[in-house]
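# Coordinate inspection notes
The lines below spell out each chain.
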Amino acid sequence: MGYPARPWPRPVIFNGEGSMKSRPGQTVRRGVTLVELMVVMSSAVVVLSMSTVLIHRIMHVQSKSQDFFRAERSAIRLRAQFRRDVHAATSASIEVPDENPRLTLTLFDDQTILYEHTDGKVSRLLLSGGKVKAREEFKFSAASEWMVVERTDPNRVMISLESQAPERAARN
């Protein structure tokens, strides 16, 4: 009498001590060797560490691009508001206290608009009778430089705002 022909499981012989022995030419695997386990764990560590570095770089680039687009939106808003204010103004004056130029625009109805640059942001204040009626801030990088220029031929007032990349600002 022999074993029936079937593809699974392989026939195993029990010896008298309760341990299993396979027939000659057949092997039985009962587990994973320590070397195999170490190879799998070390390859998992390599993959995880590379993905961690990649995720860090992606997050850094995403943060930089958000800052860039936030500054671009502020510049677009500032440009549109400044253009409206200059066209509505009757006169303009530039003050330069403490190396930080301020632009004051006088409107028809006894209102003034004050533009000033401090700590990486341009502030626009609408003053009526000496009291602040409205305040708006346009945020840029801390390394941004602000310049106000008044030209007489033709009559015009210009704001120049130059912002450096954070890496360049750190080197200077």
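Only a predicted model underlies this, so the values are computations on that prediction, with no experimental measurement involved.

## Examining the pattern of salt bridges
- By the definition in use, this model includes six salt bridges.
- Among the ionic pairs, Arg102 bridges to Glu95, the shortest N-O distance being 3.5 Å.
- Here Glu95 falls in the partly exposed class, since its relative accessible area comes to 34%.
- Note that Glu137 and Lys121 form a salt bridge whose closest N and O atoms lie 3.7 Å from each other. Here Glu137 is found in strand E7 (residues 131–139), whereas its partner Lys121 is found in strand E6 (residues 121–128), with 16 residues between them in sequence.
- We classify Glu137 as partly exposed; its relative accessible area is 32%.
- Judged by its relative accessible area of 25%, Lys121 is partly exposed.
- Beyond isolated ion pairs, a larger network of salt bridges with shared partners links Glu95, Arg102 and Glu116.

## Brief notes about the pairing of strand E4 (residues 102–107)
- Pairing geometry for strand E3 (residues 89–95) and E4, over six bridges, is antiparallel. Bridge assignment links Ser93 to a residue of E4, and that residue is Thr104.
- Of the strand pairs in this sheet, E4 and strand E5 (residues 111–118) are connected by five bridges, and their pairing is antiparallel. From the neighbouring strand, Thr106 faces E5, where its bridge partner is Thr112.
- Taking the residues that link successive antiparallel strands as the turn, the E4-E5 hairpin has three residues, and the phi of Asp110 there is positive, at about 55 degrees.

## What to know about the confidence of the model for the protein
- On average, residues of the protein score 81 in pLDDT, and 76% of them are at 70 or above.
- Within the protein, no element has a lower average pLDDT than helix H2 (residues 166–171), which sits at 50, and none a higher one than helix H1 (residues 34–88), at 93.

## Considering the layout of surface pockets
- Within this model, the second largest pocket holds a volume of roughly 210 Å³.
- Counting only elements with at least two residues in the lining of the second largest pocket, the list comes to E3, strand E8 (145–152) and strand E9 (155–162).
- When residues in the lining of the second largest pocket are grouped by element, the largest group, four residues, is from E3.
- Looking at the lining of the second largest pocket residue by residue, the classes come out as five nonpolar, four polar and three charged.

Rules behind the numbers
- Residue numbers restart at each chain and count upward from 1, following the sequence in its written direction.
- A pLDDT threshold of at least 70 governs which residues receive local features in this predicted model, and a stricter bar of 80 or more applies before side-chain atom pairs are shown or counted, although totals over entire chains, interfaces and linings include all residues.
- Side-chain calculation: all heavy atoms of the structure are included, whereas hydrogens and water are not.
- By salt bridge we mean one thing: a side-chain nitrogen of Lys or Arg within 4 Å of a carboxyl oxygen of Asp or Glu.
- Under the scheme applied here, a residue whose accessible area is under 20% of the maximum for its type counts as buried, over 50% as exposed, and between as partly exposed, the area being computed with a 1.4 Å probe on protein chains only.
- Under the DSSP-based scheme used, a helix requires at least four consecutive residues in state H or I and a strand at least two consecutive residues in state E, with every element numbered from the N terminus.
- Strand pairing is assigned whenever DSSP detects at least two bridges linking the two strands.
- Each residue carries a pLDDT score, the predictor's confidence in it, ranging from 0 to 100.
- Two kinds of site are reported from a 1 Å grid over the protein atoms alone, namely cavities, where a 1.4 Å probe fits but cannot get out, and pockets, open sets with protein on both sides within 12 Å along at least five of seven lines, and residues are called lining when an atom falls within 4 Å of a point.
- Grid points are joined across faces, edges and corners, and a volume is the space filled by probe spheres set on the points.
- By the convention adopted, Pro, Cys, Tyr, Trp, Phe, Met, Ile, Leu, Val and Ala count as nonpolar, Lys, Arg, Asp and Glu as charged, and the other residues, Gly among them, as polar.

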